[in-house]
Amino acid sequence: MKIFVSCVSPIVAALLVATAAMAQDKVPLKTQLPKPLFVGTPVPLNVPNLEPPLKGKRADFMVPAGTVLLSKGKKVTASDDSPVTGTLDLVTDGDKAGDEGSWVELGPGKQWVQIDLAKKATIYAVLVWHYHSQARVYRDVVAQVSDDPNFKSGVTTIFNNDFKNEVGAGAGKDQNYVETYQGKLIDAKGAQGRYVRLYSNGNTTNKLNDYIEVEVWGKPAA
Amino acid sequence: MVDKLNRREFLSATAVAGAAMLIDACKSDSSDQKAVVKKSSLNNINVALIGYGEEGKVLLEAFLNIEGVKLVALCDIWEYHRGEGERYLKKLGNEVRSYENYEDLLAKEKDLQAVLIATPDFWHAPMTNTCLKAGLHVYCEKMMSNTIDGARSMVKTMRDTGKLLQIGHQRRSNPRYLFTLNRLLHEAQFCGKLTAIQGQWNRAVKEDFGWPKKYEISQTMLAKYGYKDMHQFRNWRWFKGLGGGPLSDLGAHQIDIFNWWMGKTPKSVMASGGLDYYKNHDWYDNAMVIYEYPVEQAVARAFYQVQTTTSAGGGYYEQFMGDDGTIRMSEDPAICAIYREARATAVSWDDLTQKGYVKAKPLAADTAKVDVRETAALAEYEIPVFFNKPPHQPHLENFFNAIRGTAKLNCPADEAFTSEYVIHKANEAVAAEKKISISDEEVRA
Ligand SMILES: NC(=O)c1ccc[n+]([C@@H]2O[C@H](COP(=O)([O-])OP(=O)(O)OC[C@H]3O[C@@H](n4cnc5c(N)ncnc54)[C@H](O)[C@@H]3O)[C@@H](O)[C@H]2O)c1
C-alpha cells in the first residue's frame, strides 16, 4: 500500500484507501440453502409482471462485514393466530426444508407475519421462503420495517409487488417472483427498526399464506 | 364446461373469426349428447372428499370455484392433513364434518350425492365400490387401481349400480385438448396420416417425502390402513401393492391421451425399465415403452418415456406426428406446439389461420440448415385456446353436470379402463423383458 500511495496524489490515495476499506467491509451474505424440492403436477402460471426465473445460484449479495442473522428463534406474531397448519415459531426456527411440517399456513386472503428482533437493528437483507415444493407465486408481497409494533408510524417499505394496493401499503413497483428453494432476497438497504412485517394475499395454487422461514440479516443497534 | 368458462376471457383469448365455432369445438358437454342420468333438481350437490393430500388439495381448490356444489364432509386418516382441511374450510366459512375412516363417513352422512376420492391408488377400488354401492356418484383419481382386477371391479360396480364413475384424467375435459382433437386432428386432418407418437414425463431427482415427527401415525393405525411405516405411507407411489410406479403415476395421463386421440388401443407393448437410481423404492424409477397402434394395415408406434432422475427433454407432453404435421400437447400451454411439414398441401393453412384454428409463430432468426440432408425446419404454429381455470376444474364441472343430467362423462370408468389396462401391461412388459400382445377383447372391462 505504501508504494502504491507514493505514486498517486494524496487526495486520490485517500479516496482509494477509503474505497478499499469499504470494499473490504463488504462481505457476501452466507446463508444455508435447503434442498430443492418440487412435487406434484406443475401449475401453468398466469401472472403479470413476473420476474424471469433465477438461472442457477443467485449472485453473491454483499453486506457490511459484521452482519449477522438477527431473526433466529425470535418471537413471531401474525394476523391469524390460529393457523391452518403449523405454528408461528416455524417462521424463525432455522428449518428451511420444503417438506410438510416445515411451514406455518395462515388463513385465506390478506395476512401478515411479524418478527420482533427484540431490539432496534440496521437491516441489510431479508430472505423469505414462503413455500418451495411447487412453483408458486405469492400475491401482494410487501415487506416493511418499523420500530412501531403496530406499523402505524415510522414504517419503511423494503419490498412491495402489490400493484393494486390490496394490502394498503401503497401500490408497489417490485416484480412478482416464483418461489424456489433459494428463497427471495430482499435488499433492506440499511432500514432501521425492531420489527419486520411481511404481507401476502394467497398464492397461485390456493388462497393461503405460507411461511417456511424468514431470515433478517443486519446489525443490532449498539 | 365451456358454458362455465369465463366467456369473455375465452373470447378475448380467441378473438378471431369463428370464435363461436371455437367455443362449440371445445364443448365437451354439448346438448346433443345423451345424458346418462335423468335430469334432476340437483341444484346443490352435497359432496365428500376422501383423501386430503397433494391431489386432494388441488381438487378442493378447483371445487371451490364451482357453483351449485357444497363440500359437507372430509375424510383422511392422517390427523395432520385432516385438521388442515377442516381449519381451512372453516376459515372460508364452509365448516365440514370430518372423519378418519371413510366407512364411518358413509354411515353418518345421509345427505350426500357424490364423493371425490384422492387417496393412494390401492384404496381406490375398495372405496369406489363401497361408495357406488351406497348410492353415490364417484369422481376417483387416476390410476383407477394398482391392479387390473381392482380397476375391473370398479367398472362392474359402476354398471351394476347405474351410478356415475368419472376417472381423474383431467386432460379429457381440458378445452385446449378438446379443441385440438376435434378441430385440428379430426376436422382439419392437421397431421395427415399419423405415423408415430411420442410422449414423456421427465422429472428431476427428488428426495422422498418426509413428515413432521410430532404428527407420526401410530404403527397400529398404519398397519390397519395397509402401510408398513411412515416412509411408505408418505411415499406409497413407489411401492408395489400400494401404487404402480412412475409409468402409472406420471405415464397414466399421457398413455390415456394416446388411446383417446388414436381412438383405439395398442395391439402390443414392449418396454425396458429398472430400479437404477433410488435405493429404497420397490418400483423401477425409469422406463421406456413402445406401443404399437394398428393404423390402415400398418402400425403407428408410440414411444413413451418416464424418468425420475432428470427433467431434461422438455418436461411432459404427448406428441402426435404425421406426414403432414405434428401436434405437441401438454397441460402446460408453454410446451404445446404444432408444426406443419413443408410437403403438406391438403389443408389450407391460411384458411385455418382465418378460422382461428391456428396462429403462426414467427420464424426464429437462426433457421439456417447445418446439413443439406436435414429436412427444412418445420413451420410452427400455436394453438389459440387458453383457459383461465385450474386444470382440474373443467373435469370436475363435467362430473357435476353429468350428475345433473346435462352432460355425459368425459372419462367414464369403462373408457378409462382401456388406458388403465395398457399401462399395467407396460409394467408387465418391463418385468417380463419382452413384447406382450394386447387383444381388443382383453382391453375392455
Ligand atoms: N390427476 C392428477 O393430476 C393427479 C396428480 C397427483 C396425484 N393424483 C392421484 O391422486 C391420488 C392421491 O395422490 P397424492 O399425491 O395426493 O398422495 P398423498 O400421499 O399426497 O395424499 C394421499 C392422502 O390420502 C390419505 N389417505 C391414505 N390412506 C387413506 C385412507 N385409507 N383413507 C383416507 N385417507 C387416506 C393420506 O393421509 C393423504 O392425506 C393418487 O391416486 C394419485 O395418483 C392425480
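Throughout this description, residue numbers start from 1 for each chain and increase along the sequence as written. Naming scheme: in the order in which they are written, chains are lettered from A and ligands are numbered from 1. Local features are withheld for residues below a pLDDT of 70 in this predicted model, meaning they are given only at 70 or higher, and side-chain atom pairs are given and counted only at 80 or more; totals for whole chains, interfaces and linings count all residues. Working from all heavy atoms in the structure, the side-chain values ignore hydrogens and water.

**Re the packing of helix α3 (residues 54-63) of chain B against helix α4 (residues 79-91) of chain B**
Residue and element names in this part refer to chain B.
Right, on to step 1. Here an angle of 0 to 180 degrees is reported between the N-to-C directions of two axes, which are lines fitted to C-alpha atoms, with helices fitted over the stretch in contact. Segments assigned H or I by DSSP are reported as helices when at least four residues long, segments assigned E as strands when at least two residues long, and all are numbered from the N terminus. At a closest axis distance of 12 Å, the pairing of α3 and α4 adopts a crossing angle of 15°. Relative to α4, α3 is oriented roughly parallel. Considering only the axes of α3 and α4, their crossing is right-handed. The segment α3 lies against α4, with Lys57, Leu60 and Glu61 engaging His81, Glu84, Tyr88 and Leu89. Small angles under 35 degrees read as roughly parallel and large ones over 145 as roughly antiparallel, with 65 to 115 read as roughly perpendicular and the rest as oblique. By convention, the crossing between two helices is left-handed when the near helix turns anticlockwise from the far helix through less than a right angle, and right-handed when the turn is clockwise. Contacts are assigned to residue pairs with any non-hydrogen atoms lying within 4.5 Å of each other.

**Overview of the interface of chain A and chain B**
Right, on to step 1. Facing the 25 residues of chain A at the interface are 30 residues of chain B.
Right, on to step 2. Throughout this description, the term salt bridge denotes a Lys or Arg side-chain nitrogen within 4 Å of a carboxyl oxygen of Asp or Glu. The tally of links between chain A and chain B comes to five salt bridges.
Right, on to step 3. As a salt-bridge pair, Asp99(A) and Arg234(B) come within 3.8 Å of each other at their nearest N and O atoms.
Right, on to step 4. Residue composition of the side of chain A that touches chain B, by class: nine nonpolar, ten polar and six charged. Amino acids outside the nonpolar list (Ala, Val, Leu, Ile, Met, Phe, Trp, Tyr, Cys, Pro) and the charged list (Asp, Glu, Lys, Arg) are all regarded as polar, and Gly is one of them.

**Brief notes about α4(B)**
Right, on to step 1. In a helix, the anticipated span is given by 1.5 Å times the number of residues less one. For α4(B), which comprises 13 residues, the first-to-last C-alpha distance of 18 Å matches the rise-based estimate of 18 Å (1.5 Å per residue) to within 8%.
Right, on to step 2. Here's how the labels work: a residue is buried when its accessible area is under 20% of the maximum for its type, exposed when over 50%, partly exposed in between, all with a 1.4 Å probe on protein chains only. Among all positions in α4(B), only Tyr80(B), His81(B), Arg82(B), Gly83(B), Glu84(B), Gly85(B), Tyr88(B) and Leu89(B) are buried.

**Section: the site of the ligand**
Right, on to step 1. Residues are labelled near a given molecule or strand when at least one of their non-hydrogen atoms is within 4 Å of it. Every one of the 29 residues lining the ligand counts as a neighbour, but Glu55(B), Asp76(B), His81(B), Asp121(B) and Tyr227(B) are closest to it.
Right, on to step 2. Residues near the ligand are shared among chains A and B, making this a multi-chain site.
Right, on to step 3. Here a polar contact is recorded for every N or O atom pair within 3.5 Å, except that within protein the pair must consist of a potential hydrogen donor and a potential acceptor, and residues adjacent in sequence are included only if both atoms are side-chain atoms. For the ligand, an oxygen atom lies 3.2 Å from a polar atom in the backbone of Thr119(B).
Right, on to step 4. The separation between a nitrogen atom of the ligand and a polar side-chain atom of Gln170(B) is 2.9 Å.
Right, on to step 5. Notes on the ligand: free accessible area 840 Å², of which the protein chains cover 96%.
Right, on to step 6. For the shell around the ligand, the secondary structure elements donating two or more residues are α3 and α6 (124-133) of chain B.
Right, on to step 7. Per-class residue counts for the shell around the ligand are twelve nonpolar, ten polar and seven charged.
Right, on to step 8. Domain start and end points were adopted from an automatic or database domain assignment. Shared between two domains, the shell around the ligand holds at least three residues of each, these being domain 1 (35-173 + 391-411) and domain 2 (176-388 + 420-437) of chain B. Every accessible area reported is derived by Shrake-Rupley at a probe size of 1.4 Å, with residue values counting cover from the shown protein chains alone.

**Points about the sheet that holds strand β4 (residues 114-117) of chain B**
Backbone-to-backbone hydrogen bonds join strands into a sheet, with any given pair of strands oriented parallel or antiparallel.
Residues and elements named next belong to chain B.
Right, on to step 1. A pair of strands is considered paired only if DSSP assigns at least 2 bridges between the two. Strands sit in the order β3-β2-β1-β4-β5-β6 across an open sheet of six strands; the sheet is parallel. Edge positions in the sheet fall to β3 (97-99) and β6 (165-167), since each of these pairs with one other strand and no more. For this sheet the average axis-to-axis angle between neighbouring strands, irrespective of direction, equals 25°.
Right, on to step 2. Of the pairings in the sheet, the one linking strand β5 (residues 137-140) to β6 comprises three bridges and is parallel in character. Looking at the pairing, Val138 lines up with Leu165 of β6.
Right, on to step 3. Against the sheet, α3 contacts β1 (45-50), β2 (69-75), β4 and β5, and its axis sits at roughly 160° relative to β2.
Right, on to step 4. In the packing of α4 onto the sheet, the strands contacted are β2 and β3, and the crossing angle to β2 comes to about 150°.

**Digging into α3(B)**
Residue and element names in this part refer to chain B.
Right, on to step 1. Among the ten residues of α3, seven are classified as buried, and the element is accordingly described as predominantly covered.
Right, on to step 2. Within the span of α3, buried status applies to Gly56, Lys57, Leu59, Leu60, Glu61, Ala62 and Phe63.
Right, on to step 3. Buried positions along α3 lie against β1, β2, α4, β4, β5 and α14 (393-404).

**Examining the domain arrangement of chain B**
Residue and element names in this part refer to chain B.
Right, on to step 1. Considered domain by domain, chain B is made up of domain 1 (35-173 + 391-411) and domain 2 (176-388 + 420-437).
Right, on to step 2. Centre-to-centre separation of domain 1 and domain 2, based on C-alpha positions: 26 Å.
Right, on to step 3. Tallying the contact residues gives 28 residues for domain 1 and 35 residues for domain 2.
Right, on to step 4. Buried area is a sum: the accessible area each of two parts loses on coming together, probed at 1.4 Å, counted once for each and added. When domain 1 packs against domain 2, the two sides together hide about 3,000 Å² of surface, and 63% of this comes from carbon and sulfur.
Right, on to step 5. Together, Trp78, Arg171 and Arg172 form the three largest contributors to the area buried by domain 1 at its contact with domain 2, with a combined 28%.

**Let's talk about the packing of aromatic side chains**
Right, on to step 1. Two rings from Phe, Tyr or Trp (for Trp, the six-membered ring) form a pair when their centres are within 6.5 Å of each other. A pair whose planes differ by under 30 degrees is stacked, one over 60 is edge-to-face, and the rest are tilted. Under the definition given, this model contains 23 aromatic pairs over all chains.
Right, on to step 2. Summarising the aromatic geometry, the rings of Phe122(B) and Tyr227(B) are spaced 5.3 Å apart at their centres and angled 85° between planes, so their arrangement reads as edge-to-face. Taken together, the positions of Phe122(B) in the loop between β4 and α6 and Tyr227(B) in the loop between α9 (219-224) and α10 (230-234) put the pair 105 residues apart, joining distant regions of the chain. Neither Phe122(B) nor Tyr227(B) differs from the other in exposure class; each is buried.
Right, on to step 3. Where Phe179(B) meets Tyr357(B), the ring centres are 5.8 Å apart and the plane angle is 90°; that geometry is what we call edge-to-face. Placement of Phe179(B) in helix α8 (residues 175-187) and of Tyr357(B) in the loop between α13 (349-355) and β14 (359-360) is noted, with a sequence separation of 178 residues between them. The two residues Phe179(B) and Tyr357(B) agree in class, both being buried.
Right, on to step 4. Feature note: the residues Trp78(B), Tyr80(B), Tyr102(B), Phe122(B), Trp123(B), Tyr215(B), Tyr225(B), Tyr227(B) and Phe233(B) constitute an aromatic cluster, connected by ring pairs.
Right, on to step 5. Here, over-ring charges are defined by two tests on the NZ atom of lysine or the CZ atom of arginine: distance to the ring centre within 6 Å, and angle to the ring normal within 35 degrees. Of note, Arg136(A) hangs over the ring of Tyr131(A), and the distance from its end group to the ring centre comes to 3.6 Å.

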